[in-house]
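This is what each chain is made of:
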Amino acid sequence: MAVAAQYATGKRKYAIARAWLSSGSGEMTVNSKPLDQYFPRPSLGTTVQFPLEVAGVLGKYNVQATVSGGGTTGQAGALRHAIARALVTMNPVTRE
């Protein structure tokens, strides 16, 4: 059973991310900025979007996130973790 909206937290080293996923057009905002503006390195954007790609739902969910602590790489990893946890909660089949 899929849920329309979900909240999850993720951590990596000293970084903490809180992510809210809701059905939509695939917009991603981090600390009130677009994803590519908050993480200017393309590799970090790819890291953040990886769970959505693996689950096959890239472009189907809007993500609003807040991150704090750590460096940019740790923040991207924490956000990746939060998105993955939210996806699993929304649809347990994606855990595999």
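Our structure is the block above this text.
Read on for a plain summary of the structure.

Points about the packing of helix α2 (residues 42-55) against helix α3 (residues 72-90)
Phase 1 of the analysis: Two numbers describe how α2 lies on α3: the axes approach to 8 Å, and their chain directions differ by 15 degrees. Taken as axis vectors, α2 and α3 run roughly parallel relative to one another. Both α2 and α3 take part in a crossing whose hand is right-handed. Only T72, T73, A76, L79, R80, I83, A84 and L87 of α3 make contact with α2, whose side of the interface consists of L44, T47, V48, F50, P51, L52 and A55.
Phase 2 of the analysis: Here the contact of α2 with α3 is composed, by residue class, of eleven nonpolar, three polar and one charged.

Here we look at the nonpolar core
Phase 1 of the analysis: L21, F39, V48, L79 and I83 are the most contacted members of the largest nonpolar core, which totals 26 residues.
Phase 2 of the analysis: Those elements that place two or more of their residues in this core are β2 (15-23), β3 (28-30), α1 (35-38), α2, β5 (61-68) and α3.
Phase 3 of the analysis: The leading source of residues in this core is α3, at eight residues.
Phase 4 of the analysis: Residue contacts for F39: discarding those within four places in its chain leaves V30, L44, V48, T72, Q75, A76 and L79.

Overview of the pairing of strand β1 (residues 5-12)
Side-chain direction in a regular strand flips from residue to residue, so the side chains alternate between the two faces of the sheet.
Phase 1 of the analysis: Here eight bridges tie β1 to β2, and the two strands are oriented antiparallel to one another. When the bridges of β2 are listed, A5 appears paired with S22.
Phase 2 of the analysis: Where β1 folds back on β2, the antiparallel hairpin that results is connected by two residues, among which K13 adopts a positive phi of roughly 50 degrees.

Here's the deal with the packing of aromatic side chains
Phase 1 of the analysis: One pass over the structure, following the stated rule, counts two aromatic pairs.
Phase 2 of the analysis: On the basis of an interplanar angle of 90 degrees and a centroid distance of 4.9 Å, the ring pair of Y38 and F39 is categorised as edge-to-face.
Phase 3 of the analysis: Relative accessible area serves as the criterion here: at 2%, F39 is assigned to the buried category.

Quick look at the side chain of Q75
Phase 1 of the analysis: Mapping Q75 onto the fold places it in helix α3.
Phase 2 of the analysis: Separated by 2.9 Å, the side chains of Q75 and Y38 make a polar contact.
Phase 3 of the analysis: When residues no more than four places from it in sequence are discounted, the contact partners of Q75 are A15, Y38, F39, V67, S68, G69 and G70.

Conventions we followed
- Residues numbered from 1 in each chain as written.
- Predicted model: local features only at pLDDT ≥ 70, side-chain atom pairs only at ≥ 80, totals over all residues.
- Heavy atoms only, no water.
- Axes fitted to C-alpha atoms, helices over the stretch in contact; angles between N-to-C directions.
- Helix = DSSP H or I, 4+ residues; strand = E, 2+ residues; numbered from the N terminus.
- Parallel < 35°, antiparallel > 145°, perpendicular 65-115°, else oblique.
- Left-handed = near helix turned anticlockwise from the far one by under 90°.
- Contact = heavy atoms within 4.5 Å.
- Nonpolar A, V, L, I, M, F, W, Y, C, P; charged D, E, K, R; others polar.
- Core = buried A, V, L, I, M, F, W, Y, C linked by side-chain atoms within 4.5 Å.
- Buried < 20%, exposed > 50% of the residue type's maximum accessible area, 1.4 Å probe, protein only.
- Pairing = 2+ DSSP bridges.
- Phe/Tyr/Trp six-rings, centres within 6.5 Å; stacked < 30°, edge-to-face > 60°.
- Polar contact = N/O pair within 3.5 Å; in protein donor to acceptor, adjacent residues only side chain to side chain.

Scope: geometric values only; no functional claims are made or implied.
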